[in-house]
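Here is how the chains run, residue by residue.
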Amino acid sequence: MSEIYNFCAGPAMLPAAVMQKAQAEFINWQETGRSVMELSHRSKEYIALAKEAEQDLRDLLSIPDNYKVLFAQGGGRGQFSAVPMNLHGRGKSADFLLTGSWSKGAQQEAEKFLSANIVSEVVTKDGLTAVPKISADMMGADSAYFHYCSNETVDGIEIDEVPDCGDLPLVADMSSNILSKPIDVSKFGVIYAGAQKNIGPSGLAVVIVRDDLLDFAMPETPTFLHYQTMDKFDSMYNTPPTYSWYLAGLVFKWLKEQGGLTAIAKINAQKAALLYGCIDDTPFYSNKVHPDFRSKMNVTFHLPSTELDAAFLTEAEEFGLKALKGHRIVGGMRASIYNAMPLEGVIALTDFMRDFARRNS
Ligand SMILES: *Cc1c(COP(=O)(O)O)cnc(C)c1O
């Protein structure tokens, strides 16, 4: 059997080295005679593991001391509700940039708790999708925060430049590009990310919140989503997803071994350049996102006709290239090339794409 490369958007592949380590210590973790999964979250062994994972994440992202790191349940969408509930006391409304299906999902959920205003949306520039510049004067007078999605997983749109929302807390859904490159955390009020793209298994979410924003929750906020309570209990108010937290910790260690985020960003840029290069030099394929906003994590592309889609997918599967079907609302293909995807996977994909185009043009 040839190598399998999994391009699934999420839950996504994890680094092979992480899976092998988890397998090796699956039933006997650090000579405890038990799986991590079977340890009390109150045991000193588990607490040490949890703290180490947090510290590794802090090191990777250079998270300043005035930011709390929470390991939450409920994935990315859990935070679609938690953010408006926790920042509710700051204003009657919130401001949103709509760039695709995930930012829209966040805006629609926030609408349940406050007035969720759309301050800007994607535009078409030279026939391609682009994101307008955001400036502080677009923000509402009674706004509690500004929210955007730094990488639209479905649409393949990434925003590299951090939007300027003036003094308002900047909230970012980084579910699908967190840890793919260095970021300046100090520009943000809240960063959140569902784990299943670049961190670990689904269900877990990482929330990085500036400490002056902990105390604005609406009284009805469920206790397990309440940032201040989460922080007070070191993310263990209720039993955390212990095994997912452990796996996330292994991924953080793996990233450190790769040389951290500057090093991984270099490889990510190389992978994306290779794949977009193949799309651009092969007229058979097209991508509809403006080059300034092309995602380095989720590469969307179309074939010349939808009739060819099924053959492309079947042959790709046979070649070991899995889960390339685009999201149903966008159509076409999507190759998710998160941190865990090795360069060889992208080379195999571009070889296949060139060959398929030659045979079907
Ligand atoms: C996957 C994803 C989500 C949703 O995550 P769930 O864990 O399924 O709730 C939210 N935002 C973005 C950008 C995503 O990629």
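None of the values given here were measured: they were computed from a predicted structure. Every chain is numbered independently, its residues counted from 1 as its sequence is written. Local features in a predicted model are, by the rule used here, given only for residues with pLDDT of at least 70; side-chain atom pairs are given and counted only at 80 or more, and totals for whole chains, interfaces and linings are based on all residues. Derived side-chain values reflect all non-hydrogen atoms in the structure, with water molecules and hydrogen atoms excluded from consideration.

### As for the overall build of the protein chain
To be explicit about the condition: Helix and strand definitions here come from DSSP, where helices need a minimum of 4 consecutive H or I residues and strands a minimum of 2 consecutive E residues; each element is numbered from the N-terminal end. We compute the radius of gyration from the C-alpha atoms alone; for a globule the expected value is 2.2 Å times N to the 0.38, where N is the number of residues. Burial here depends on accessible area, computed with a 1.4 Å probe over protein chains only, as a share of the maximum for the residue type. Under 20% is buried, over 50% is exposed, and the range in between is partly exposed. Whether two residues touch is decided by their heavy atoms; if any such pair falls within 4.5 Å, the residues are in contact. Each accessible area is a Shrake-Rupley result for a 1.4 Å probe, and residues are judged covered by the shown protein chains and nothing else. Only four residue types enter the tally: Lys and Arg on the positive side, Asp and Glu on the negative side; His and the chain ends are excluded. For the purpose of locating charges, the reference atoms are NZ of Lys, CZ of Arg, CG of Asp and CD of Glu.
From N to C terminus, the protein chain includes nine helices and 15 strands. Scaling as 2.2 N^0.38, a compact globule of 361 residues should have a C-alpha radius of gyration of about 21 Å, and the protein chain matches this with 21 Å. Per-residue burial for the protein chain yields a buried fraction of 55% across its 361 residues. Sequence-distant contacts in the protein chain: of pairs separated by 6 or more residues, those separated by 24 or more amount to 68%. Summed over all atoms, the accessible surface of the protein chain reaches about 15500 Å², with 52% contributed by carbon and sulfur. Charge separation in the protein chain, taken as the distance between the mean sites of 33 positive and 44 negative side-chain charges, equals 2 Å.

### Description of the site of the ligand
This is how the line gets drawn: Here a residue is considered near a molecule or strand provided that any single heavy atom belonging to it is located within 4 Å of it. Each polar contact in these results corresponds to two N or O atoms within 3.5 Å; when the atoms are within protein, one needs to be able to donate a hydrogen and the other to accept it, and residues that are neighboring in sequence are counted only if both atoms are side-chain atoms. Residues are grouped as follows: Ala, Val, Leu, Ile, Met, Phe, Trp, Tyr, Cys and Pro are nonpolar; Asp, Glu, Lys and Arg are charged; every other residue, Gly included, is polar.
Looking at the ligand, there are 13 residues lining it, with Arg-77, Thr-153, Asp-173, Gln-196 and Lys-197 nearest. Here an oxygen atom of the ligand and a side-chain polar atom of Thr-153 are 2.4 Å apart. In this structure, Asp-173 approaches the ligand through a side-chain N or O atom, which is 2.6 Å from a nitrogen atom. Protein contact buries 87% of the 380 Å² of open area that the ligand shows by itself. In terms of residue count, the dominant contributor to the shell around the ligand is helix H3 (residues 75-87) (four residues). Taken together, the residues of the shell around the ligand break down into three nonpolar, seven polar and three charged.

### A look at the pairing of strand S15 (residues 333-336)
Short version of the rule: A pair of strands is labelled paired if DSSP reports no fewer than 2 bridges between them.
The side-chain alternation of S15 yields two buried faces, one formed by Met-333 and Ala-335 and the other by Arg-334 and Ser-336. Relative to S15, strand S13 (residues 298-301) runs antiparallel, the two being bridged by four bridges. Its bridge partner lying in S15, Phe-301 is registered against Met-333.

### A look at the layout of surface pockets
Going by this rule: Whether a set of points on the 1 Å grid over the protein atoms alone is a cavity depends on a 1.4 Å probe fitting there but being unable to get out, while an open set qualifies as a pocket with protein on both sides within 12 Å along at least five of seven lines; lining residues are those with an atom within 4 Å of a point. Grid points are joined across faces, edges and corners, and a volume is the space filled by probe spheres set on the points. An automatic or database domain assignment is the source of the domain bounds shown.
When its volume is computed, the largest pocket comes out at roughly 340 Å³. In this structure, the largest pocket is lined by 22 residues; those nearest its centre are Arg-77, Trp-102, Thr-153, Val-154 and Lys-197. Sorting the residues of the lining of the largest pocket by element identifies H3 and helix H4 (101-110) as the ones contributing at least two each. The class makeup of the residues in the lining of the largest pocket is six nonpolar, 11 polar and five charged. Here the lining of the largest pocket spans two domains, since at least three of its residues come from each of domain 1 (17-257) and domain 2 (259-360).

### Some thoughts on the state of the cysteines
So the rule is basically this: Cysteine sulfur atoms are paired as a disulfide whenever they come within 2.5 Å of each other.
This structure, assessed with the given rule, holds zero disulfides. Cys-8 takes part in no disulfide bond, and the closest cysteine sulfur, belonging to Cys-149, lies 17 Å away. Cys-8 sits in the partly exposed class, given a relative accessible area of 22%. Left without a disulfide partner, Cys-149 is nearest to the cysteine sulfur of Cys-165, which lies 15 Å away.

### Thoughts on a nonpolar patch on the surface
Defined as follows: Here, patches come from residues exposed beyond 30% relative accessible area and free of salt bridges, joined within 9 Å for like charges and within 5 Å for nonpolar side chains (Val, Leu, Ile, Met, Phe, Trp, Tyr). The working definition used for a salt bridge is a side-chain nitrogen of Lys or Arg within 4 Å of a carboxyl oxygen of Asp or Glu.
Together, Phe-26, Ile-27 and Met-37 make up a nonpolar patch on the protein surface, roughly 320 Å² of accessible area in all. By the element assignment, Ile-27 lies in the loop between helix H1 (16-24) and helix H2 (44-61).

### Notes on the packing of H2 against helix H6 (residues 242-257)
In plain terms, the rule: Axes here refer to lines fitted to C-alpha atoms; in helices the fit is confined to the stretch in contact. Angles between the N-to-C directions go from 0 to 180 degrees. Roughly parallel means an angle under 35 degrees; roughly antiparallel, over 145; roughly perpendicular, 65 to 115; everything else is oblique. By convention the crossing between two helices is left-handed if the near helix lies anticlockwise of the far one by an angle smaller than a right angle, and right-handed if it lies clockwise.
Orientation of H2 relative to H6, taken along the N-to-C sense of each, is 40 degrees, at an axis distance of 9 Å. If you check the angle between H2 and H6, you find them oblique. Helix-helix and strand crossings are classified by hand; for H2 and H6 the assignment is left-handed. Only Thr-242, Trp-245, Tyr-246, Gly-249, Phe-252, Lys-253, Leu-255 and Lys-256 of H6 make contact with H2, whose side of the interface consists of Tyr-46, Leu-49, Ala-50, Glu-52, Ala-53, Asp-56, Leu-57, Asp-59 and Leu-60. Residue composition of the contact of H2 with H6, grouped by class: 10 nonpolar, two polar and five charged.

### Things to note about the domain arrangement of the protein chain
Cut-off, in case you're wondering: The term buried area means the drop in 1.4 Å probe accessible area that two parts suffer when joined, counted for both and summed.
Considered domain by domain, the protein chain is made up of domain 1 (17-257) and domain 2 (259-360). Each side of the interface is counted separately: domain 1 has 30 residues, and domain 2 has 28 residues. Of the roughly 2300 Å² buried between domain 1 and domain 2, counting both surfaces, carbon and sulfur atoms make up 57%. It is Leu-128, Val-154 and Glu-158 in domain 1 that bury the most area against domain 2; as a group they hold 23% of the surface buried on that side. Taken together, the links from domain 1 to domain 2 amount to one salt bridge. Ionic pairing is found between Lys-296 and Asp-160, a salt bridge with its closest N-O pair at 3.7 Å. Remark: the boundary between domain 1 and domain 2 carries 15 residue pairs in polar contact (both at pLDDT 80 or more).

### As for empty space enclosed by the protein
Summary: where empty space remains is shown by rolling a probe the size of a single water molecule over the atoms. Applying the stated criterion across every chain yields a total of four cavities of 30 Å³ or more. Volume-wise, the largest cavity comes out at about 60 Å³. Lining the largest cavity are Met-13, Leu-14, Pro-15, Lys-197, Asn-198, Ile-199, Val-251, Trp-254, Leu-255, Tyr-338, Asn-339 and Ala-340. When grouped by side-chain class, the residues that make up the lining of the largest cavity number nine nonpolar, two polar and one charged.

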